[in-house]
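Working through the structure, step by step
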Amino acid sequence: MSIKFSHQKRYVKLFISILLIYFIVKFFLFDVFLVPSDSMKDSLHAEDYIVVNKINYGIKLKKKVDEYPILDFFFENNDSIKNFDTDYQLIQFKNFERGDIVVFKSVIHKKERLVKRIIGLPNDTILIESSKVFINSNELLENENYCYNYVFKSEKFTKLIKTISNREYKLLNKSKKKEIRKVISKKHTINNWTIDYFGPLVIPKKGTKIKVDSLSLKLYENIINKEKNINEIIGKEYTFKRNYYFLIGDNRHNSIDSRYFGFVPENFIIGKVFLKI
């Protein structure tokens, strides 16, 4: 009887040890995610499985249990994000870089996880002109995987819209290129900004100060309100509490990203994608 109990105790300890290692790896080192959409086409596609490196970018502890992977399954709450103060950054080993493909928490819904590419870093000035991205007045090089919508003319002269990558466009012959044109969204009345005409806009950096007036509120009201009660600081100077990033999907005309929902705080970035399974 005692021998049987001893075996059971050993199995329980083994199970607990394996479970503990699993949680440590998943919480702090690496994690696996399912790509939710084609917004990163052609670099990643919907339903690709990807492995994300967390440990290179430091160790963070969540302030709420429902923020941890797996544990969040037991909580039904998928409300909108009320504030950005969700983590304790214990240590940071390196910073995220421009061009990194990362997984991050949605700034809209608590349980939503998104995959995009970092385009703008803290304190950068971003400008998009006719779909071309400029950072600090320098045009960014185009990745061959970036995709855009093009208008094609069929034999019946009806217009067809097709998404093609820069790689595919380069392979077209001259006559084919003459038959198509890139779809560029026209400027509209709200800031005259669209997905193809955006900015210029300075990305907030931790410690940067701005005066809270009608212009700054128009640009930064959302993040200021999620760092502090904005009613307490109108007409005063405000110092940003954290670093922010500007993220865009590689499928430029078919991606909901920072052009729509704004900046992403550094603590919302879970890690860098380093492997597609």
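The structure presented is a predicted model; accordingly, all values stated were derived computationally and were not measured. (Residues numbered from 1 in each chain as written. Predicted model: local features only at pLDDT ≥ 70, side-chain atom pairs only at ≥ 80, totals over all residues. Heavy atoms only, no water.)

This brings us to the pairing of strand β5 (residues 101-105). The buried fraction of β5 is high, at 5 of 5 residues. Here β5 shows no split at all, with Ile 101, Val 103 and Lys 105 on one side and Val 102 and Phe 104 on the other all buried. Bridge analysis of β5 against strand β6 (residues 113-120) gives 5 bridges, and the strand direction is antiparallel. Within β6, the residue paired with Lys 105 across the bridge is Arg 113. Strand direction decides the pairing type here: β5 and strand β18 (residues 269-276), joined by 3 bridges, are antiparallel. Bridge pairing in β18 places Val 102 opposite Lys 272. (Buried < 20%, exposed > 50% of the residue type's maximum accessible area, 1.4 Å probe, protein only. Helix = DSSP H or I, 4+ residues; strand = E, 2+ residues; numbered from the N terminus. Pairing = 2+ DSSP bridges.)

Let us look at the nonpolar core. Counting 43 residues, the largest nonpolar core has Phe 104, Ile 118, Tyr 220, Phe 263, Val 264 and Ile 269 as its most contacted members. The leading source of residues in this core is strand β16 (residues 244-248), at 5 residues. Not counting chain neighbours up to four residues away, the residues in contact with Ile 269 comprise Lys 60, Phe 96, Val 102, Val 103, Phe 104, Ile 118, Tyr 245 and Val 264. Counting residues in each nonpolar core, the second largest holds 11 residues, with Val 35, Ile 50, Val 103 and Ile 270 among its members. (Core = buried A, V, L, I, M, F, W, Y, C linked by side-chain atoms within 4.5 Å. Contact = heavy atoms within 4.5 Å.)

For the rest of this paragraph, the subject is the confidence of the model for the protein chain. When pLDDT is averaged along the protein chain, the result is 86; 86% of the residues meet or exceed 70. Taken element by element, the protein chain is modelled with least confidence in strand β4 (residues 87-91), mean pLDDT 75, and with most confidence in β16, mean pLDDT 98. (pLDDT = per-residue confidence, 0-100.)

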